[in-house]
Amino acid sequence: MLELDKRLIQISLYNPDSIVLPRKGAKRDPSNGRPTMKMNKISDNRRLAAIYNLVFLALLVCMLFPVSSLIESSSAEGTRTTVADDGTGLFYNIQDAIDSVSPGDQISIKPGTYNEQVIINKRINLIASSDGVKIIPDSDGPAVIINSNNSHVQGLEISGSGDGDVSRGIEINTHSCSVTDTVIGDCDEGINIAYVTGCVLLNVTATAEKGIVIDNCEEVVIINSQISDCADNGIIIFNSDGIDIINTSIEDCNNDQGVKILSSSSACEITDCYFTDNDNYAIHIDDTSNSNTITSNTFSGNNQDMTQCYDASGSNSWDDGSRGNLWMDHLSPDSNSNGIVDTPYLIDGGASAQDNYPLTDLDQKDQSQNQLINNTSDGTGPGNQPTPRNPPSQSNYVLFAAFGIPALLCVSLITFAFLIWWYEPLRYWFFSMLTPLYSRIKKDNVFNNEIRGMVYGAIKSNPGISYSELINLLELNNGTLSHHIKILLQLDMIKTDKRARHKLFFDKEFTDISKVMKLKGIQKVIYSHIQKNPGQSQTKIANHLDMSPQALGYHINILSKEGLIKREWDYKERLCYPGKGEIRDSS
């Protein structure tokens, strides 16, 4: 048991006659009247730490699993509701399900033909459970209308009604929506997107009269899609900025262009696309549209084998400064065999637009374009692209911000609080940061405070005492003790040393720090065994003490670092001998 001198302390380097007595109410040992101290139960602390770590990991796994599901797939976002026209779902009609669910829910549609107009007026995920979900409107107007932000449609087969002035497969009137794995046909316009910011069309197949119409939009992405057999334009872009068309096939558009960019549209990019057999120009850009980029595309058989593209602006880029596009009607000459045709490809339109670096073969295109072109057996068109997983809705990140981040913060705070309780150096640092330093205190009046004198006396009488032992010995709270320790350190009256996981405190004049080492119970057993049985290997010691080699090795390393034992190699084994260090009994 740690103990103080009879009067606890008779020290003040500047007033030797001063006597600082124990604090009132301090518990004393009935046998000798000295203040008592509760020993730290290190083994209990480690046991509690292990239990806490298991609980913490369980909470973390339980929390992160649903969060990761939210991020990966919108299907985990809310309640799942089924629709089946054969009566096996909760609803017969899609619209009835939409009207009943809450924002963020998912509606799973079983295969069947649904004769209704679907209006999405809340944030939902409308997903076909498998192929064969067909929607045909029973009235004039679009088959599907998306009027709510962050909605997602996937896996549908849509046909327009054919009635009215303009029939549409899908009409999108709101922001941050996505349509994937959807087939649209038999209508005037496959997809109409108007006054929208942020929209993704992925793996979409459109065979409508006009495939896709984009009007006054920003940041629309069309990727891995196929626009074909359109009686009019494949894709029309009006007064829009930042429209990207990637890895998409536009072919067999009759009587008009594959892609038409009109009315001051700018910053659009068309890359890795395949244009073939469109009756008119593959790409048509009017004189008001500029700063658009067209690179790494393949053009074959467009405009009846005449000049395949049209640019009346002249301020658009048809190459990236080193590579342009592959024009099947302009593959030579290439005198230096560098894969670039020696002469530029001239673009119609009267604005002197040209591709300065036309490619000679597919090897010059990037891998994604090669895959796009070569996926079919005849090598003349795009094949089936891999179907991606459901793209995450932006609402997933909103949910993560609303629930996942606060949960992570709570777990982090709990972890920090536990570490402060369990790890003494961190506890000392934390509370010392919360207490101010009174730098004006002078050494000649440092012991005017009774508690400060008790702290100094305890450290001087018990060299190598730890922070936890001081708390238990003097029955002080963390804030009070750390405050007075800070003052004593500032006045250079005490010093510290780090041993194991404890910070030990010494009087400034104490010089034998290397000989001060407190051992845990098991370390005392190991140390005593080595003293009685010098020269044994760690294997024999572990067997004798019924310990695992890993546990023994951990404690042997501590004893070795403190000089209490020394280890020597003897062929294949390490032998342990008593060292020159000394221990301070803390029992």
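This structure is a prediction, so every number in the text was calculated from the model and none was measured.

What follows is about the overall build of the chain. Looking only at helices and strands, one finds 11 helices and 35 strands in the chain. Per-residue burial over the chain gives 48% buried out of 587 residues. For the chain, contacts bridging at least 24 residues in sequence account for 56% of all contacts bridging at least 6. Total accessible area on the chain is roughly 27400 Å²; 51% of this is exposed by carbon and sulfur atoms.

The subject of this paragraph is helix H11 (residues 549–561). The end-to-end C-alpha distance of H11 is 18 Å, a good match for the 18 Å that 13 residues give at a rise of 1.5 Å each. Of all the positions in H11, only Leu552, Gly553, His555, Ile556, Ile558 and Leu559 are classed as buried. Where H11 ends, the next residue or the one after it, glycine 563, has phi of about 80°, a positive value.

Attention shifts here to helix H7 (residues 467–474). In an α-helix, one turn spans 3.6 residues; hence positions three or four apart end up facing the same way. Among the 8 residues in H7, 7 count as buried, and that is most of the element. Those residues of H7 lying buried are Tyr467, Ser468, Glu469, Leu470, Ile471, Leu473 and Leu474. Looking one or two residues beyond H7, the residue adopting positive phi is glutamate 475, at roughly 50°.

We now examine the packing of helix H6 (residues 450–461) against helix H8 (residues 478–490). Where H6 contacts H8, the axes come no closer than 10 Å and their chain directions differ by 75°. The orientation of H6 with respect to H8, classified from their angle, is roughly perpendicular. Taken together, the residues of H8 that come into contact with H6 (itself represented by Ile451, Arg452, Val455 and Tyr456) are Thr480, Leu481, His483, His484, Ile485, Ile487 and Leu488. Considered class by class, the residues forming the contact of H6 with H8 number 7 nonpolar, 3 polar and 1 charged.

The subject of this paragraph is the sheet that holds strand S35 (residues 573–578). Sheet architecture is open: 3 strands sit in the order S33-S35-S34, paired in antiparallel fashion. Each edge of the open sheet carries a strand with a single partner, namely strand S33 (536–537) and strand S34 (565–570). Alignment of S34 against S35, held across 6 bridges, turns out to be antiparallel. Among the inter-strand pairings, glutamate 568 is bridged to a residue of S35, identified as leucine 575. Seen against the sheet, H11 touches S34 and S35 and runs at an angle of roughly 115° to S34.

By the element assignment, isoleucine 135 lies in strand S6 (residues 133–135). For the pair formed by isoleucine 135 and isoleucine 184, sequence separation is 49 residues and the distance between their alpha carbons is 9.8 Å. Leave out the neighbours within four places in its chain, and isoleucine 135 touches Ile94, Tyr114, Glu116, Val118, Ala143, Val144, Leu156, Glu157, Ile158 and Ser159.

Checked against the element boundaries, threonine 360 lands in the loop between strand S29 (354–355) and helix H3 (367–374). Looking at threonine 360, its side chain comes within polar contact range of the side chain of aspartate 361, at 3.2 Å. Contacts of threonine 360, omitting those with residues within four sequence positions, involve Leu326, Leu331, Asp334, Gly339, Ile340 and Val341.

Another aspect to go through is the packing of aromatic side chains. If you walk through the whole model with that rule in mind, you get 5 aromatic pairs. Arranged with centres 5.3 Å apart and planes meeting at 45°, the rings of tyrosine 281 and tyrosine 310 form a pair that is tilted. Highlighted residues: tyrosine 281 in the loop between strand S22 (274–276) and strand S23 (283–285) and tyrosine 310 in strand S26 (residues 309–311), separated in sequence by 29 residues. Here tyrosine 281 falls in the buried class, since its relative accessible area comes to 14%.

On the surface, Asp277, Asp279, Asp305 and Asp329 cluster together to form a negatively charged patch. Counting through the fold element by element, aspartate 329 comes out in the loop between strand S27 (326–327) and strand S28 (345–346). Taking relative accessible area as the criterion, aspartate 329 reaches 41% and is therefore assigned partly exposed.

This part covers the sheet that holds strand S4 (residues 118–120). One open sheet holds the 9 strands; their spatial order is S4-S7-S10-S12-S14-S17-S20-S23-S26, and the pairing between them is parallel. One side of each edge strand has no neighbouring strand; the edge strands of this open sheet are S4 and S26. Going across the sheet, the axis of each strand differs from the next one's by a mean of 10°, ignoring polarity. Where S23 and S26 come together, 3 bridges link them in parallel fashion. Its bridge partner being in S26, isoleucine 285 is matched across the sheet by aspartate 311.

A word on the pattern of salt bridges. One pass over the structure, following the stated rule, counts 6 salt bridges. For glutamate 189, the salt bridge is made with arginine 168, and the minimal N-O distance between the two is 2.9 Å. Taken together, the residues span a long stretch of sequence, with glutamate 189 in strand S12 (residues 189–194) and arginine 168 in strand S10 (residues 168–172) at a distance of 21 residues. Of the two residues, glutamate 189 and arginine 168, both sit in the buried class.

A word on the pairing of strand S1 (residues 80–83). Of the two faces of S1, the one lined by Thr81 and Val83 is fully buried and the one lined by Arg80 and Thr82 carries no buried residue. Direction of pairing for S1 relative to strand S2 (residues 106–109): parallel, over a ladder of 4 bridges. Within S2, the residue paired with valine 83 across the bridge is isoleucine 109. The handedness of the S1 to S2 crossover, carried by helix H2 (residues 94–100), is right-handed.

A separate point is the nonpolar core. Counting residues in hydrophobic clusters, the biggest one holds 65 residues, and the most contacted among them are Ile172, Ile193, Leu201 and Ile283. The leading source of residues in this core is strand S13 (residues 197–206), at 4 residues. Discounting residues that sit within four places of it in the chain, isoleucine 283 has contacts with Val259, Ile270, Phe275, Ile294, Phe299, Gln308, Cys309, Tyr310 and Trp318. Val455, Ile471, Leu481 and Met493 belong to the second largest nonpolar core, which has 20 residues in total.

How each quantity is defined
- Residues numbered from 1 in each chain as written.
- Predicted model: local features only at pLDDT ≥ 70, side-chain atom pairs only at ≥ 80, totals over all residues.
- Heavy atoms only, no water.
- Helix = DSSP H or I, 4+ residues; strand = E, 2+ residues; numbered from the N terminus.
- Buried < 20%, exposed > 50% of the residue type's maximum accessible area, 1.4 Å probe, protein only.
- Contact = heavy atoms within 4.5 Å.
- Areas by Shrake-Rupley, 256 points an atom, 1.4 Å probe, with all protein chains shown as cover.
- Expected span 1.5 Å × (residues − 1).
- Axes fitted to C-alpha atoms, helices over the stretch in contact; angles between N-to-C directions.
- Parallel < 35°, antiparallel > 145°, perpendicular 65-115°, else oblique.
- Nonpolar A, V, L, I, M, F, W, Y, C, P; charged D, E, K, R; others polar.
- Pairing = 2+ DSSP bridges.
- Polar contact = N/O pair within 3.5 Å; in protein donor to acceptor, adjacent residues only side chain to side chain.
- Phe/Tyr/Trp six-rings, centres within 6.5 Å; stacked < 30°, edge-to-face > 60°.
- Patch = residues over 30% accessible without salt bridge, like charges linked within 9 Å, V, L, I, M, F, W, Y side chains within 5 Å.
- Salt bridge = Lys/Arg side-chain N within 4 Å of Asp/Glu carboxyl O.
- Lys, Arg positive; Asp, Glu negative; His and termini not counted.
- Charge placed at Lys NZ, Arg CZ, Asp CG, Glu CD.
- Right-handed = clockwise from strand over helix to strand, strands pointing away.
- Core = buried A, V, L, I, M, F, W, Y, C linked by side-chain atoms within 4.5 Å.

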